[in-house]
Amino acid sequence: MRLPRPIRRKSRREVVVDLLLWMLLCAFVAAMGPDPFLDPAAFGTVTGPRLVLASAAVLVGRRQPLAALALLLPLGPWRFSEGFATVDLSWLLPRTGVKILPLVPTSPFIMGYAYMTGRREAGPWRPVAAFGLITAVGVAVVLGAGGDLALWVSMVTGLAGTYLVPYLLGLVRRLVIRQRGQARLSAEAQARLRERARIARDMHDSLGHDLALIAVRAAGLELAPGLDPAQARAAGELREAAGDATERLRQIIGLLREDADAAPLAPVNEDVTELVRRARDSGMAIDLDVAEPAPALAGAVVQEGLTNAAKHAPGAAVRVSVGPGRVSVRNGPARGRPVARPGGMGLAGLAERARLAGGTLTAGAVDGGYELVVELP
């Protein structure tokens, strides 16, 4: 037979814990009633129904703590003879010994279920209705006992300490957990944005660099002697297509990097020498000067500088200098038409990476050409 969901337990541990809880609660309930040996009949009529309510509360309390509170309502703090404290209110009441927060043997269990109600009840209406019923029972008990002001003080403090305060503690705990969950989701979203920015940066740097080299090769082929007009026109179309692809790549990467431009980006790991070799194979005239140890951003700076030189100053001589604290890429005047429109995204990303590394980036026109310099501590 399949048990209803409020009664089912997920693990053997839950079964053992609830069994121990049931035994303990039944023992406390039995202690509240008549002695079974001295008055078995009274024990059966008074304690028997209470044990049934306690058993039902344990069965449903793990999944529905509010239902457990309702079942334990007859076992609430309605005895005002014992309390957490006794105060002297003779300045207000004829009686001097007034019980504050009356306690019964089942009070700790009721407090626990009130706390769990605050933890698990998402909506406010069911708890409000339940607390209204509990308050009505407390008022009825006080009125039935004569309506003494001291009884009202005991009842109000009993309701607050046994039901309201534990519920509010559980509610605060639930809100804190929810806030932590939202903070975790926000951190995961930020991590995804940073990863998207990293992917965008790598795509922009590596694919943009390769497309620029393709355009350089096409431009050299377009001007090569011995080609017939159709072949030269095809080489020109290839150069223009590479430039258009570079522009579309810049636009697509802009979408990927939206709202994430300031995220830390991973350094390009490609070796500077390999970058220069590939650019030379594409027809670029490059003079390389490397002094060890090279900074971590050297590859990114050289790649960006060579890409910009290939796109905006085709045919220009390029000088690459790499030192421990300074990386520069300088090109002379262009000897051909640019193969792509100015974008600026690569320099913006590189400037941010240099800033995060504690350095500075400067770039601008020099002697008819262009120079990119990154200085690092």
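Here we summarise the structure given alongside this text. Since we're looking at a predicted model, the values are computed, not measured. (Residues numbered from 1 in each chain as written. Predicted model: local features only at pLDDT ≥ 70, side-chain atom pairs only at ≥ 80, totals over all residues. Heavy atoms only, no water.)

### Some points on the packing of helix H8 (residues 272-281) against helix H9 (residues 298-312)
Packing of H8 against H9 brings their axes to within 9 Å, and their N-to-C directions diverge by 15°. Considering their axes alone, H8 and H9 lie roughly parallel with respect to each other. Pair H8 / H9 crosses with right-handed handedness. Taken together, the residues of H9 that come into contact with H8 (itself represented by Val-272, Leu-275, Val-276 and Ala-279) are Ala-298, Gly-299, Val-302, Gln-303 and Leu-306. A class-by-class count of the residues in the contact of H8 with H9 yields 7 nonpolar, 2 polar and no charged. (Axes fitted to C-alpha atoms, helices over the stretch in contact; angles between N-to-C directions. Helix = DSSP H or I, 4+ residues; strand = E, 2+ residues; numbered from the N terminus. Parallel < 35°, antiparallel > 145°, perpendicular 65-115°, else oblique. Left-handed = near helix turned anticlockwise from the far one by under 90°. Contact = heavy atoms within 4.5 Å. Nonpolar A, V, L, I, M, F, W, Y, C, P; charged D, E, K, R; others polar.)

### Focus: the packing of aromatic side chains
Tallying each qualifying case throughout the model produces 2 aromatic pairs. Relative to Phe-109, the ring of Phe-28 has its centre 5.5 Å away and its plane inclined at 70°; by these criteria the two rings are edge-to-face. With a gap of 81 residues between them, Phe-28 in helix H1 (residues 12-32) and Phe-109 in helix H4 (residues 107-120) connect regions that are remote in the sequence. Phe-28 sits in the partly exposed class, given a relative accessible area of 34%. Taken together, a centroid distance of 5.1 Å and an interplanar angle of 80° make the contact between Phe-131 and Tyr-167 edge-to-face. Placement of Phe-131 in helix H5 (residues 125-144) and of Tyr-167 in helix H6 (residues 149-222) is noted, with a sequence separation of 36 residues between them. Accessibility classification places Phe-131 together with Tyr-167 in one group, the buried group. (Phe/Tyr/Trp six-rings, centres within 6.5 Å; stacked < 30°, edge-to-face > 60°. Buried < 20%, exposed > 50% of the residue type's maximum accessible area, 1.4 Å probe, protein only.)

### A look at a nonpolar patch on the surface
There is a patch of nonpolar side chains on the surface, built from Val-16, Leu-19, Leu-20, Trp-22 and Met-23 and spanning about 480 Å² of accessible area. Tracing the sequence through the fold places Met-23 in helix H1. (Patch = residues over 30% accessible without salt bridge, like charges linked within 9 Å, V, L, I, M, F, W, Y side chains within 5 Å. Areas by Shrake-Rupley, 256 points an atom, 1.4 Å probe, with all protein chains shown as cover. Salt bridge = Lys/Arg side-chain N within 4 Å of Asp/Glu carboxyl O.)

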